Amino acid sequence: MLSRVANSIYWMCRYIERAENVARFISVNLNLVLDMPSEKGKHWEPLVMTTGDQAFFDKHHPDYNRETVIRFLTFERNYPNSILACVAAARENGRSIREIISSEMWEHLNTFYLELADAKSPRFALEDPHRFFKIIQMRSHLFTGLMDCTMSHGEAWNFARIGMMIERADKTSRILDVKYFMLLPQAELVNTPIDNIQWTAVLKSASAFEMFRKAHHHITPRGVANFLIFDSQFPRSIRHCISKAMVCLHRIGGSAPGSVHNEAEKRLGRLEADLAYTDIDEVVHQGMHEYLDNLQTRLNRVDMAIGTTFFNLKPLIETATNEQ
Amino acid sequence: METFDSYDPGDFYDELIDAEGHARPGARLLVNKINSLPTGDLTMRQKAAEALLLKMGITFNVYGRDEGTEKIFPFDIIPRIVAAGDWEQIESGLKQRIFALNAFIQDIYNGKQILKDKVVPEELILTSRTYRKECEGFTPPRGIWCHVTGTDLVRDRDGRFYVLEDNLRCPSGVSYVLENRQVLKRTFPQVFEASRVRPVDDYPSKLLEMLSYLAPEHVQAPTIGVLTPGIYNSAYFEHSFLSQQMGVELVEGQDLVVADGFVHMLTTKGLKRVDVLYRRIDDDFIDPQVFRPDSLLGVRGLIGVYKAGRVAMANAPGTGIADDKVIYAYVPKIIKYYTGQEAILPNVPTYICGDPADRAYVLAHLDQLVVKAANESGGYGMLVGPHASAAERDAFAAKIQAEPRNYMAQPTISLSRVPTIVGDRIEGRHVDLRPYVLFGEEIYVQPGGLTRVALTKGSLVVNSSQGGGSKDTWVLGGETITS
């Protein structure tokens, strides 16, 4: 398929996944505020921290109150990672490949954007945020469902999945990074069940609370981190995302698992192996923040390798032709 | 009231209602249906159709307003109905015309016999901005130049159809024909079925057949692409739609490279050769090496590969010479010259400003004429005399005198009208008709076409860029049901 098309579908899915994650973070935070009224006012800054775009926020807004943060994360067009900007970008990518995706996906994405961009949306979001952000998440799930059920699982679909999985791994690592740092000032408390409400919120931010409970019952910081990074079955754990992305990458290249054909497979394969052969105690020992920071850097490199392997052929070709 | 009870066809040819106020035979079912609807129902159907188009994303951006404002291309649900007999004449007339124009283009670039025989003045050709010297001596695959045409027809007060313009370069709008039909099938399902409307949905497969026919002969399964300027082009939706319907790649200039004497697409698996391009980029922008060097839309070296016969293109570069609005005046003679027959579809009478006698007439009668520039489209570079102010007419007179070759004039045609929903009433609005013609192994005329409607009361300008909308066009089958 065309490189440009592969690039567009990859980004379309990254943006949808990003929008969904932002919506879920806001949802969970709204609940947390209800449970911890005494700490009112301190809850909104970490939410912006999770995005990694604190500097952008500070430049345009004086303080972190509920309305400002919600408006910023949801509706600010100039902020490229707001839900609206993400859905708009997903839709523009979708528009440029609408002959590749199914009509159902396109029409859903189009409606998703049009309703979100409607002038009445901000009022709805502020007056009934629980319902509003639930709808955003369901829209994203519906999109993913349509993609699975109405589009052939060929090359384009595999690029879409990779985009989604890499974005998801990145977001899970970010929420864990920010919260772990805030909630666990002393490393020796890592095995102690403390601050249940907050750690529950961390799990819920990755839709992981119920699945965690089934597997591990007691909530400890170590257990939560272990689950979100290394669980092999939970769909938002970093390890699971990476191995699913790897499967798709092999399908695209037609290479067998374990073999390597290109830079993208090499980088993603190494990351997958590291996740399979590292355990949580090593991570705690090494330092959670250092580990997650390094993980995010590696995810970015995977993204770049996918770009140079599949999307940006032109520089290579031009060099090749000049040499003749 | 949203019925025809108080409808006034006025002093025009009305496509659905005759001069006595009765529905024409083919329109009876529809008119009866509309008259029988409960109050408010027709408006509701109109709103539902608009909502459907918005949902399908058939929109264009409105610039200069709030960011993100998008509008649908205005659409009116009352269809234009063309009787079987009228259509026969249109179809045979268009086949004749396109055949002759193709022969004309081939001749102009190879031998120029028609110029030597003084049927068309030589200097008119050589001074045309759309004449491509690069095409001299070249014969495109299968000898076909104008593969896709959208000819603008109008119907005058006398009920006759006339050709207003030939669009032989990149005519757009066919996707609206297909989408409008989807919507109308849902809007008036029973009437549609009972009226035996001829289907238009064949178009994408006919287009694909035609494009495959152009591929170099040794290529078994040709790779075909639709070449688009990109998502910011106003017809992008159409490019995307057609490639989706044909199941071929939609490519931008940046997706293509010329290497080893062929055109290739950049794919995730490396380079892939392209055999046929349905290009929706104008000649000027298609190859910066040959035409405009500042073009970022085209493909460097494309024309070289094309002339070597290693990629086919529809439409062929150079076809613009035959839709020069001044050359238009000679088309009846061109038809006679190449086919020996009289034109089945007449031209609108035309005054050529390059001719001194005609020019004098035009300048003296500017208040009665429509004046057009030779190479503009979309309703630009045009003066509608009866509706223009004295100052506008004076300004235009100066332009004509400065560059007479570049202008022609026609009497104002009283375009026919079709009943159209205006608020909660039905009123007549002026329309034209653009049928689409494909020239491949044979010439195919899509039974239907884009009916463009001037939504402003009294307006004769139907272009979408100037307040026009569209309607579905129903061409009726052989036997009309009159019950």
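This structure is a prediction, so every number in the text was calculated from the model and none was measured.

Caption draft 1: Representation of the overall build of chain B in the model. Counting its regular elements, chain B contains 14 helices and 23 strands. A compact globule built from 483 residues should have a C-alpha radius of gyration of about 23 Å, and chain B, at 23 Å, falls within 12% of that. For chain B, the spread of C-alpha atoms along the three principal axes comes to 70 × 60 × 50 Å. By residue count, 46% of the 483 residues in chain B fall in the buried class. Expressed as a percentage of contacts within chain B between residues at least 6 apart in sequence, the contacts between residues at least 24 apart total 68%.

Caption draft 2: Focus on the packing of helix α9 (residues 155–183) of chain A against helix α10 (residues 196–205) of chain A. Residues and elements named next belong to chain A. At a minimum axis distance of 10 Å, the contact between α9 and α10 shows a crossing angle of 175°. When the interaxial angle is binned, α9 and α10 end up roughly antiparallel. Contacts between α9 and α10 pair Ile 175, Leu 176, Lys 179 and Leu 183 from the former with Gln 198, Trp 199, Val 202 and Ser 205 from the latter. By residue class, the composition of the contact of α9 with α10 is five nonpolar, two polar and one charged.

Caption draft 3: Spotlight on the interface of chain B and chain A. Across the boundary between the two partners, chain B contributes 21 residues, which contact 23 residues of chain A. Going through the elements one at a time, α9 (236–246), β8 (249–252), β9 (256–259) and β10 (262–267) of chain B are the ones with two or more residues in the side of chain B that touches chain A. Here the side of chain B that touches chain A takes four residues from β8 of chain B, the largest share from any one element. Of the residues contributing to the side of chain B that touches chain A, the split by class is eight nonpolar, eight polar and five charged.

Caption draft 4: Structural view of the packing of helix α13 (residues 238–253) of chain A against helix α14 (residues 263–276) of chain A. Residues and elements named next belong to chain A. Where α13 meets α14, the closest approach of the two axes is 9 Å, and the angle between their N-to-C directions is 150°. Comparing the axis directions of α13 and α14 gives the class roughly antiparallel. As for the relative orientation of α13 and α14, their crossing is left-handed in sense. On α14, the residues touching Ile 238, Arg 239, Ile 242, Ser 243, Ala 245, Met 246, Leu 249 and Gly 253 of α13 are Ala 264, Glu 265, Leu 268, Gly 269, Leu 271, Glu 272 and Leu 275. Partitioning the contact of α13 with α14 into residue classes produces nine nonpolar, three polar and three charged.

Caption draft 5: Helix α2 (residues 41–55) of chain B, seen in detail. Taking 1.5 Å of rise per residue, the 15 residues of α2 of chain B would be expected to cover 21 Å, and the 21 Å separating its terminal C-alpha atoms lies within 8% of that figure. Gly 57 of chain B sits one or two positions beyond α2 of chain B and adopts a positive phi of about 80°.

Caption draft 6: How the structure looks around the sheet that holds strand β21 (residues 443–445) of chain B. Residues and elements named next belong to chain B. As summarised here, the arrangement of the three strands in space is β4-β20-β21, forming an open sheet in which the pairing is antiparallel. Each edge of the open sheet is held by one strand with a lone partner, namely β4 (148–150) and β21. When the angles between neighbouring strand axes are averaged without regard to direction, this sheet yields 20°. In the sheet, β4 pairs with strand β20 (residues 436–439) via three bridges, with the strands oriented antiparallel. Looking at the pairing, Val 148 lines up with Leu 438 of β20.

Caption draft 7: Looking closely at the domain arrangement of chain A. All names here are of chain A. What the domain assignment reports for chain A is domain 1 (1–151) and domain 2 (153–312). The distance between the C-alpha centroids of domain 1 and domain 2 comes to 21 Å. Tallying the contact residues gives 27 residues for domain 1 and 23 residues for domain 2. Listing elements by their share of the side of domain 1 that touches domain 2, those giving two or more residues are α1 (3–35) and α2 (44–51). A per-element tally of the side of domain 1 that touches domain 2 places α1 first, with 18 residues. Within the side of domain 1 that touches domain 2, the residues separate by chemical class into 17 nonpolar, five polar and five charged.

Caption draft 8: Local environment of the confidence of the model for chain A. Residues and elements named next belong to chain A. Summing up the model confidence of chain A, the mean pLDDT is 89 and the portion of residues at 70 or higher is 92%. Confidence scores differ between elements of chain A, with helix α17 (residues 314–323) showing the lowest mean pLDDT of 47 and helix α8 (residues 129–150) the highest of 96. This model gives residues 319–324 a pLDDT under 50, and the stretch forms one contact once residues within four places in sequence are excluded.

Caption draft 9: Here's a closer look at the confidence of the model for chain B. Residues of chain B with pLDDT of at least 70 account for 95%, and the chain-wide mean is 90. Taken over the whole predicted complex, pTM reads 0.83, whereas the ipTM for its chain interfaces reads 0.76.

Caption draft 10: A look at the environment of Pro 317 of chain B. Residue and element names in this part refer to chain B. Looking at where Pro 317 falls in the secondary structure, it is placed in the loop between β13 (312–314) and α12 (331–339). Assessed through the 25 C-beta atoms surrounding it within 10 Å, Pro 317 is described here as buried. In the structure, Pro 317 is positioned 150 residues away from Asn 167 in sequence and 14 Å away in space, judged by C-alpha atoms. Leaving out residues up to four positions away in the same chain, Pro 317 has contacts with Arg 132, Cys 135, Asp 283, Ile 286 and Ile 303.

Caption draft 11: Representation of unusual backbone geometry in the model. A cis geometry characterises the amide bond from Ala 314 of chain B onward to Asn 315 of chain B, with omega recorded as -10°. Mapped onto the fold, Asn 315 of chain B is located in the loop between β13 and α12. Backbone geometry places Ser 207 of chain A, a non-glycine residue, at a positive phi of 50°. Among the structural elements, Ser 207 of chain A can be located in the loop between α10 and α11 (209–216). Residue classification places Ser 207 of chain A among the partly exposed residues on the basis of 16 C-beta atoms within 10 Å.

Caption draft 12: Molecular detail of the domain arrangement of chain B. In terms of domain boundaries, chain B breaks down into domain 1 (217–310) and domain 2 (351–411). Each of domain 1 of chain B and domain 2 of chain B has a C-alpha centre, and these two points are 38 Å apart.

Caption draft 13: Layout of the sheet that holds strand β12 (residues 276–279) of chain B. Residue and element names in this part refer to chain B. A sheet is described by the order of its strands in space; here four strands give the open sequence β8-β7-β12-β13, paired in parallel fashion. Strands with a single pairing partner mark the edges of an open sheet, and in this sheet they are β8 and β13. In this sheet, neighbouring strand axes are inclined to one another by 30° on average, regardless of whether the strands run parallel or antiparallel. Pairing of strand β7 (residues 224–228) with β8 involves four bridges; the strand directions are parallel. Looking at the pairing, Val 226 lines up with Leu 250 of β8. Against the sheet, α9 makes contact with β7 and β8, and its axis sits at roughly 175° relative to β7, the strand it touches most.

Caption draft 14: Local environment of the environment of Lys 457 of chain B. Summarising the element assignment, Lys 457 of chain B is placed in the loop between β22 (450–454) and β23 (468–475). Since 11 C-beta atoms lie within 10 Å of it, Lys 457 of chain B is described here as exposed.

Caption draft 15: How the structure looks around the pairing of β9 of chain B. Residue and element names in this part refer to chain B. For β9 and β10, the ladder comprises four bridges, and the chain directions are antiparallel. Considered in β10, the bridge of Ala 259 is made with Phe 262. What sits between the antiparallel neighbours β9 and β10 is a turn of two residues, in which Asp 260 has the positive phi angle 55°.

Caption draft 16: Spotlight on the environment of Glu 179 of chain B. Residues and elements named next belong to chain B. Locating Glu 179 in the fold gives a position in helix α6 (residues 174–187). Put simply, Glu 179 and Arg 429 are 250 residues apart on the chain and 22 Å apart in space, counted from C-alpha to C-alpha. Excluding residues within four positions of it along the chain, Glu 179 makes contact with Met 56 and Ile 58.

Caption draft 17: Looking closely at the nonpolar core. Residue and element names in this part refer to chain A. Membership of the largest hydrophobic core comes to 230 residues, with the highest contact counts inside it found for Ile 9, Ile 83, Val 87, Ala 160 and Ala 245. Per element, the largest residue contribution to this core is 16 residues, and it comes from α1. Every residue in contact with Val 87, bar those within four places of it in the chain, is listed here: Ala 19, Phe 112, Tyr 113 and Leu 116.

What counts, and where the lines are drawn
- The residue numbering used here restarts from 1 in each chain and proceeds along that chain's sequence as written.
- Here chains are named by letter from A upward and ligands by number from 1 upward, in the order in which they appear as written.
- With the structure being a predicted model, the display of local features is reserved for residues of pLDDT at least 70 and the display and counting of side-chain atom pairs for 80 or more, all residues being used for whole-chain, interface and lining totals.
- Starting at the N terminus, helices and strands are each numbered in turn, a helix being any DSSP run of H or I of at least four residues and a strand any DSSP run of E of at least two.
- In this treatment the radius of gyration is a C-alpha quantity, and the globule benchmark scales as 2.2 Å times the residue count to the 0.38 power.
- A residue is called partly exposed when the number of other C-beta atoms within 10 Å of its own lies between 12 and 20, exposed at 12 or fewer, and buried at 20 or more, with C-beta atoms placed from the backbone.
- What counts as a contact here is a pair of residues whose C-beta atoms, placed from the backbone, lie within 7 Å.
- Each axis is a line fitted through C-alpha atoms, and for a helix only the stretch in contact is used; angles between axes span 0 to 180 degrees, taken between their N-to-C directions.
- Throughout, the term roughly parallel applies to angles under 35 degrees, roughly antiparallel to angles over 145, roughly perpendicular to angles from 65 to 115, and oblique to all others.
- In this count, Pro and Cys sit with the nonpolar residues alongside Ala, Val, Leu, Ile, Met, Phe, Trp and Tyr, while Asp, Glu, Lys and Arg are called charged and the others, Gly among them, polar.
- In a left-handed crossing the near helix is turned counterclockwise from the far helix by less than a right angle, and in a right-handed crossing that turn is clockwise.
- Multiply 1.5 Å by the residue count of a helix minus one, and that product is the helix's expected span.
- Think of it this way: DSSP has to see at least two bridges between two strands before they count as a pair.
- Note that the domain bounds were set by an automatic or database domain assignment.
- What pLDDT conveys is the predictor's confidence in a given residue, as a value from 0 to 100.
- Buried Ala, Val, Leu, Ile, Met, Phe, Trp, Tyr and Cys residues whose C-beta atoms connect them within 7 Å together make up a nonpolar core.

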